[in-house]
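Summary of structural features
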Amino acid sequence: MIERWSRDQVLALAPDASSQKAAAGVSAPAKWSRAGVARDALWGECKGSGAKPYRACVDLREPAYRCSCPSRKFPCKHALGLLLLWSADGVPAAEEPVDWVEEWLDQRRERAAKQTAKVAEKIAAIAADEAAGGSGGSGDDRRARQREERVDAGLADLERWLGDQIAHGIAGARQTAPTDWADLSKRLVDAQVPGVASVMTELSRVFRHEDWPARLLSEYALVHLLAVAHRRSPELPRDLRETVRSRVGFTTPKENVLAQPPVRDHWQVIGSRDEDRDRLLSRRVWLLGRATGRAALVLSFAPVGQPLDSSLVLGTTIDASLCFYPGSAPLRALVAERHSAAASSATPPHGVRAGKVPQLIADVLSRDPWTESWPIVLNDVVPAQADSAWHLADHDQKEENAVPLLPSTGTPWQLAAVSGGHPVTVATEWTPDGLRPLTTWDEQGRVVIL
């Protein structure tokens, strides 16, 4: 039987705040009948506005959800309400799932087996094609060459543009640069260089800072480095070449990623963050391997109104094999295989002291200079304020052993309350502007979402 999740862990699965509120409204025991939990399945019937109750069930291994209600939100309020009831020990244990739940679980197992076989066939085809020295056929070859030519031309145009900016100076960038960046971004999209195009569209953020000239020159330098690295990619080591291609905007098919050697570990889900950009939702879930100490990022995307992947529950640990995207500082990964159901993490993850953060990030940047985000777990740190800015410091409170928090996070009231002035473990996301707190753990080892 899977250990029950906390209320916070359940609410973290909700697609939005309104779903959290609605779920709380249907989590009362009086709303549910014929509820039960057996093996890795949870189910129940919830009284609704119609004559028939809504049937909701959850596969706790993933988790995955099903409900007979017409809601387009995923998970719906009924599945979340059922999970809240279960988290409060309000669902009785049963020997076996009821028939309609067992039927759904069988369908899921059948689909998973077919998908696994399909992926295995593609991986075998990729291996055979690589052994034959091919790339999938003449049509694929032609399209690949055409894109390479467009990318080369687009990045050559970018190099010339950057040279002009430096030659003419950036004193008037506030007035002229945004229009120039928008025009250049369109040209890069046409040249099939979406990675660099995205960087150019976000450069306006440098003007938020007083030292914007230095920041702008730094951004220009990184973009120029990427363009030159792509032009000289045949001279680069394979891993670094893969990183450059990824930053430029070339994608790696999932089948190719799953063909990489898997890394099995007990992966603790330490943090999660959702973003909405250009009506595309993204979810970043951070994992940390208990034995390897390795960090991993699992990304999922969905259009606005569509559900994001919610199979990784914050504060749980999964025994799983992960396959990492190739690169010089591999971080993004796919969950290739789960070897057991997710279990609640009894203790906080092992991390580093705040004084070790600069060296850790220096090592990451030496392998991938374009890194803008990296997960870091800090042990025995205290949130403190100095000169109106907040930071996390080692419990000895030495100024040199303090790492600033991202200014946009504001005052970390919840983190300060959990800490109470005492050392705590905090999972964070490093950015060039500071750390973004994600989660912490209270005295009982329970995860607290920040």
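Preceding this section is the structure that the text describes.
My aim in this report is to walk through the structure given alongside it, one point at a time. Being a predicted model, the structure only gives us computed values, none of them experimental. The residue numbering used here restarts from 1 in each chain and proceeds along that chain's sequence as written. For a predicted model such as this one, the threshold for reporting local features is a pLDDT of at least 70, and the threshold for listing and counting side-chain atom pairs is 80 or more; totals across whole chains, interfaces and linings nevertheless cover every residue. Hydrogens and waters are ignored; side-chain quantities use all the structure's heavy atoms.

Within 6.5 Å between ring centres, the rings of Phe, Tyr and Trp (the latter by its six-membered ring) count as paired, and their orientation is classed by plane angle as stacked under 30 degrees, edge-to-face over 60, tilted in between. Applying the stated criterion across every chain, the model contains 6 aromatic pairs. With 5.3 Å between their ring centres and 80 degrees between their planes, tryptophan 5 and tryptophan 86 make a pair best called edge-to-face. Highlighted residues: tryptophan 5 in the segment before α1 (7-11) and tryptophan 86 in helix α3 (residues 77-87), separated in sequence by 81 residues. Burial classification: accessible surface area is computed with a 1.4 Å probe over protein chains only, and a residue below 20% of its type maximum counts as buried, one above 50% as exposed, and the rest as partly exposed. Owing to a relative accessible area of 2%, tryptophan 5 belongs among the buried residues under this scheme. Centroid distance phenylalanine 207 to tryptophan 212: 5.2 Å. Interplanar angle 75 degrees. Geometry classified as edge-to-face. Seen from the ring of phenylalanine 250, arginine 147 lies directly overhead, with NZ or CZ sitting 4.2 Å from the centre. Strands are runs of DSSP state E lasting at least 2 residues, helices are runs of H or I lasting at least 4, and numbering of each runs from the N terminus. Any Lys NZ or Arg CZ that is within 6 Å of a ring centre and within 35 degrees of that ring's normal is treated as a charge sitting over the ring.

Before going further, it helps to spend a moment on the sheet that holds strand β11 (residues 374-386). Spatial strand order, β13-β12-β11-β14-β15-β16: 6 strands in an open sheet with antiparallel pairing. At either end of the open sheet lies a strand with only one pairing partner, and these are β13 (402-404) and β16 (447-449). On average, adjacent strands in this sheet sit at an angle of 50 degrees to one another, irrespective of strand direction. Pairing of strand β12 (residues 389-394) with β13, which is carried by 3 bridges, proceeds in the antiparallel orientation. We call two strands paired when DSSP finds no fewer than two bridges between them. Structural elements are reduced to axes, namely lines fitted to C-alpha atoms, with helices fitted over the stretch in contact, and the angle between N-to-C directions of any two is expressed from 0 to 180 degrees.

Turning our eyes to something else, we now look at the sheet that holds strand β4 (residues 64-67). Within the open sheet, the 4 strands sit side by side as β1-β2-β3-β4. Their pairing is antiparallel. Whereas interior strands pair on both sides, the edge strands pair on one side only; in this sheet they are β1 (32-38) and β4. Sheet twist, expressed as the mean angle between neighbouring strand axes with direction ignored, is 10 degrees. As defined by bridge partners, strand β3 (residues 54-59) adjoins β4 across 4 bridges and the pair is classed as antiparallel. Paired with valine 58 across the strands is tyrosine 65, a residue of β4. The contact definition used throughout considers only heavy atoms, calling two residues in contact when any of these lie within 4.5 Å. In the packing of α3 onto the sheet, the strands contacted are β1, β2 (41-46), β3 and β4, and the crossing angle to β3 comes to about 65 degrees.

Our focus in this paragraph is the pairing of strand β8 (residues 316-324). With 9 of 9 residues buried, β8 lies mostly within the body of the structure. The side-chain alternation of β8 yields two buried faces, one formed by Thr316, Ile318, Ala320, Leu322 and Phe324 and the other by Thr317, Asp319, Ser321 and Cys323. Taken together, the 6 bridges between strand β5 (residues 263-277) and β8 define a ladder with antiparallel strand orientation. Along β8, the bridge assignment pairs histidine 266 with aspartate 319. Bridge count between β8 and strand β9 (residues 333-338): 5 bridges; the pairing is antiparallel. By the bridge assignment, alanine 320 is partnered in β9 with arginine 338.

Take the pattern of salt bridges next. For this document, the term salt bridge refers to a Lys or Arg side-chain nitrogen within 4 Å of an Asp or Glu carboxyl oxygen. On inspection of all chains with the given rule, the structure shows 34 salt bridges. Put simply, arginine 61 and aspartate 40 hold a salt bridge, and the shortest N to O gap is 3.6 Å. Of this pair, arginine 61 sits in the loop between β3 and β4 while aspartate 40 sits in the loop between β1 and β2, and the two are 21 residues apart along the sequence. You can call arginine 61 partly exposed: its relative accessible area is 30%.

Let's shift gears to the nonpolar core. Within the largest apolar cluster, 45 residues are counted, with the highest numbers of intra-cluster contacts made by Trp267, Leu287, Leu322, Trp374 and Leu392. Apart from residues lying up to four places away in sequence, tryptophan 374 is in contact with Ala329, Pro330, Leu331, Leu360, Ile361, Val364, Thr428, Glu429 and Trp430. Nonpolar core, defined: a set of buried Ala, Val, Leu, Ile, Met, Phe, Trp, Tyr and Cys residues in which side-chain atoms within 4.5 Å join the residues together.

On to the side chain of threonine 316, then. Of note, threonine 316 is situated in strand β8. Threonine 316 gets classed as buried once you look at its relative accessible area, which sits at 0%. Engagement of the side chain of threonine 316 in a polar contact is seen with the backbone oxygen of valine 313, the distance being 2.6 Å. If we ignore the near neighbours within four places in the chain, the residues touching threonine 316 are Trp5, Gln9, Trp267, Gln268, Val269, Ala342, Ala343, Ser344 and Ser345. Whenever a nitrogen or oxygen atom comes within 3.5 Å of another N or O atom, the pair is scored as a polar contact, on the condition that within protein one atom can donate a hydrogen and the other can accept it, and that pairs from neighbouring residues in sequence are kept only if both atoms are in side chains.

As a further point, take the pairing of β2. Counting buried residues along β2, 6 of its 6 residues qualify, which places the element largely inside the surrounding structure. Side chains of β2 alternate between two faces, with Ala41, Trp43 and Glu45 and Leu42, Gly44 and Cys46 buried alike. Sheet analysis places β1 next to β2, joined by 5 bridges and oriented antiparallel. Its bridge partner lying in β2, serine 33 is registered against glutamate 45.

Attention now moves to helix α9 (residues 238-248). For α9, the set of buried residues is Thr243, Val244 and Val248. Considered in projection along α9, the buried side chains sweep an arc of 135 degrees and stay on one side of the axis. Glycine 249, located one to two residues past α9, shows a positive phi value of around 135 degrees. To be clear, the arc concerns the directions from the helix axis to the C-beta atoms.

Moving on to the environment of valine 228. Tracing the backbone through its elements, the reader meets valine 228 in helix α8 (residues 212-231). You can call valine 228 buried: its relative accessible area is 17%. Considering only alpha carbons, one finds valine 228 and serine 310, 82 residues apart in sequence, at a separation of 39 Å.

Geometric values such as these leave the question of function open.
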